[in-house]
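Now for the letters of each chain:
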Amino acid sequence: MELYDVVVIGVGGMGSAALFHAARCGARVLGLEQFDIPHDRGSSHGQTRVIRLAYWEHPSYVPLLRRAYELWHELEHVAGRTLLVTTGSIDAGPAASRPMRGALEACQRFDLAHEMLDAAALRRRFPGYRLPRDLVAVFQPDGGFVLPEQCVLAHVHAAQAHGATVQMQEPVVEWTADADGVVVRTTRGSYTTRRLVLTAGPWVGKIAGALRPVVSVERQVVMWVTPRVPEYFQVDRFPVFYLHGSEGSFYGIPMFDGRGFKIGKYHHRRQVVDPDAVERVCDAEDERVLREAIRHYFPDADGPATSMETCLFTNTADEHFIIDRLEPRVVVAGGFSGHGFKFCSVVGEILAELALDGASRHDISLFTGSRFKGFRTRNPEP
Ligand SMILES: Cc1cc2nc3c(=O)[nH]c(=O)nc-3n(C[C@H](O)[C@H](O)[C@H](O)COP(=O)(O)OP(=O)(O)OC[C@H]3O[C@@H](n4cnc5c(N)ncnc54)[C@H](O)[C@@H]3O)c2cc1C
């Protein structure tokens, strides 16, 4: 049996980035993916993902985001193509709400360029937005979107250029770790490795029993529509948004590459699912949830739907990530709670550091698994 330095289970958003960073360090690396690369059954498909710096969720994310931006741009250079499109970002909601206070705090604390706009000023500046008068907005010019399928492929191709082996259509059945190494068994064979990285996304609770009690998988739906006034929803006239309204929180992305205006609702219908038994067909209720927000906040986008897609969140109770050592030789990254993709580039760097060096240069103390009862870790490496 060949001995690898690092085996990565799950070649989606995080796994592809981990493969690249580990291979770039000269490690002998194998990535194992159960489906195609990329595919549309996990969490990293659907053309676009919002990236934003005015991060209200917690100030710890902003330094990681700065590094993520740097690494996305490096990857664009390596891949020779655009992976990140800058549109600016809008965070909108009631002035006293936690997201609005958090977004402003991030801007002030990290000296991020930003402007506060009331609903009328927002509409004058970006006419696709028609928010009620009781909502305010923070505009941050560095926001935009990344292209998830292209990012996964770019990381995989760059990893392969550094000698990584990447095998698709090869589900991992089990792994066992001891003091000598880790054995990974798939439907096709067995592999031995010094270190294991688990980036199985919605399946992380199935492949890492320690995470089973602390994550839950949730069905999401996004919809693309052809706006009634398409010129208001172009990349150069419509910043991506995160909007906290009376019906819940929504996110959206301008028209790009022939597809329409895209909208989704965080925790769409709060449907907890098994990732192997998800209802992938979207129904009238899925459309109604998103249509209601379009009519309320973006009436000029209220044209026919062109497509709807399902996707999966893997949530933790506090909606912060889990990036931790599970056993001395095993690192896990999961529970990205619907906001992880923008971080893939830096999470890949972190996972390669944890696997190869035993520690990361980045502050990841917010993401320890042991903050949850039920998450088991053995002693860390000496
Ligand atoms: C609708 C929607 C909108 C989102 N919007 C945003 C956004 O705007 N901005 C943002 O930053 N984030 C967003 N997110 C969240 C983000 O997309 C996820 O956090 C991120 O994609 C998670 O990546 P991952 O690598 O953990 O999972 P995945 O990309 O799903 O990768 C996991 C991989 O592991 C493989 N795998 C699992 N088990 C096995 C096994 N046993 N053997 C082999 N392979 C296995 C899977 O097939 C899969 O390919 C959104 C998510 C959804 C669903």
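It should be noted that the structure appears before, not after, this text.
Residues numbered from 1 in each chain as written. Predicted model: local features only at pLDDT ≥ 70, side-chain atom pairs only at ≥ 80, totals over all residues. Heavy atoms only, no water.

## Digging into the overall build of the chain
So, point 1. On a plain count of helices and strands, the chain comes out with eight helices and 20 strands.
So, point 2. For 382 residues, the compact-globule estimate of 2.2 N^0.38 gives 21 Å, and the C-alpha radius of gyration of the chain, at 21 Å, lies within 12% of that figure.
So, point 3. Taking the principal axes of the C-alpha coordinates as reference, the chain spans close to 65 × 45 × 45 Å.
So, point 4. Buried positions account for 60% of the 382 residues belonging to the chain.
So, point 5. Each charge class in the chain can be summarised by its mean position, and for the 42 positive and 46 negative side chains these summaries are 2 Å apart. (Helix = DSSP H or I, 4+ residues; strand = E, 2+ residues; numbered from the N terminus. Rg over C-alpha atoms; globule rule 2.2 N^0.38 Å. Buried < 20%, exposed > 50% of the residue type's maximum accessible area, 1.4 Å probe, protein only. Lys, Arg positive; Asp, Glu negative; His and termini not counted. Charge placed at Lys NZ, Arg CZ, Asp CG, Glu CD.)

## Let's talk about the pattern of salt bridges
So, point 1. Taken as a whole, this structure holds 24 salt bridges when the rule is applied.
So, point 2. The residue Glu57 makes a salt bridge to Arg52 at a minimum N-O spacing of 2.7 Å. Side by side, Glu57 and Arg52 carry an identical accessibility label, which is buried.
So, point 3. Close ionic contact of Glu285 with Arg288 constitutes a salt bridge, the shortest N to O distance being 2.8 Å. Linking Glu285 with Arg288, this pair stays in helix H7 (residues 284-297), spanning three residues, or about one helical turn.
So, point 4. With relative accessibility at 42%, the residue Arg288 sits in the partly exposed group.
So, point 5. One connected set of salt bridges, linked through shared partners, spans Arg67, Glu70, Glu349, Glu353 and Arg361. (Salt bridge = Lys/Arg side-chain N within 4 Å of Asp/Glu carboxyl O.)

## Section: helix H3 (residues 98-109)
So, point 1. Under the 1.5 Å per step criterion, the end-to-end length of H3 is 16 Å for twelve residues, consistent within 8% with the ideal 16 Å.
So, point 2. Against the buried residues of H3 lie helix H2 (61-79), strand E5 (89-93), strand E7 (136-140) and strand E14 (240-245).
So, point 3. A positive phi of about 55° marks Asp111, the residue just after H3. (Expected span 1.5 Å × (residues − 1). Contact = heavy atoms within 4.5 Å.)

## Points about the environment of Asp286
So, point 1. Locating Asp286 in the fold gives a position in helix H7.
So, point 2. For Asp286, a relative accessible area of 0% translates into the label buried.
So, point 3. Linking Asp286 and Phe233, residues 53 residues apart in sequence, is a C-alpha distance of 22 Å.
So, point 4. Setting aside anything within four residues of it in sequence, one finds Asp286 in contact with Arg219, Val221, His268, Arg269, Val281 and Met308.
So, point 5. A distance of 2.9 Å separates a polar atom in the side chain of Asp286 from a polar atom in the side chain of His268.
So, point 6. A distance of 2.9 Å separates a polar atom in the side chain of Asp286 from the backbone nitrogen of Asp283. (Polar contact = N/O pair within 3.5 Å; in protein donor to acceptor, adjacent residues only side chain to side chain.)

## Describing the sheet that holds strand E3 (residues 49-51)
So, point 1. Taken together, the three strands give an open sheet; going across it, the order is E3-E8-E4, and neighbouring strands pair in antiparallel fashion. Looking at the sheet topology across the chains shown, the edges are occupied by E3 and strand E4 (84-86). Strand-to-strand twist in this sheet, taken as the mean axis angle between neighbours without regard to direction, amounts to 30°.
So, point 2. Examined bridge by bridge, E4 and strand E8 (residues 144-146) share three bridges and lie antiparallel to one another. Residue pairing for E8: Val85 is matched across the bridge by Phe145.
So, point 3. Contacting E3, E4 and E8, H2 crosses the sheet at an angle of about 120° to E4. (Pairing = 2+ DSSP bridges. Axes fitted to C-alpha atoms, helices over the stretch in contact; angles between N-to-C directions.)

## Quick notes on the nonpolar core
So, point 1. Judged by nonpolar contacts, the single largest core of 70 residues is most densely connected at Trp72, Ile323, Phe343, Val347, Leu351 and Phe367.
So, point 2. For this core, the element with the most residues is H2, which contributes nine residues.
So, point 3. Counting 30 residues, the second-largest nonpolar core is a separate cluster that includes Leu243, Met255, Phe298 and Ala301. (Core = buried A, V, L, I, M, F, W, Y, C linked by side-chain atoms within 4.5 Å.)

## Points about the site of the ligand
So, point 1. Lining the immediate environment of the ligand, one finds 35 residues, of which Glu33, His39, Ser44, Cys311 and Lys342 sit closest.
So, point 2. In the model, an oxygen atom of the ligand is placed 3.0 Å from a nitrogen or oxygen of the Gln34 side chain.
So, point 3. Val50 places a main-chain nitrogen or oxygen 2.7 Å from an oxygen atom of the ligand.
So, point 4. If the ligand stood free it would expose 1000 Å²; the protein chains cover 97% of that surface.
So, point 5. Among the secondary structure elements, those contributing two or more residues to the shell around the ligand are helix H1 (13-24), E3, strand E13 (216-225) and strand E18 (305-315).
So, point 6. Its residues assigned to classes, the shell around the ligand shows 18 nonpolar, 14 polar and three charged. (Near = heavy atom within 4 Å. Areas by Shrake-Rupley, 256 points an atom, 1.4 Å probe, with all protein chains shown as cover. Nonpolar A, V, L, I, M, F, W, Y, C, P; charged D, E, K, R; others polar.)

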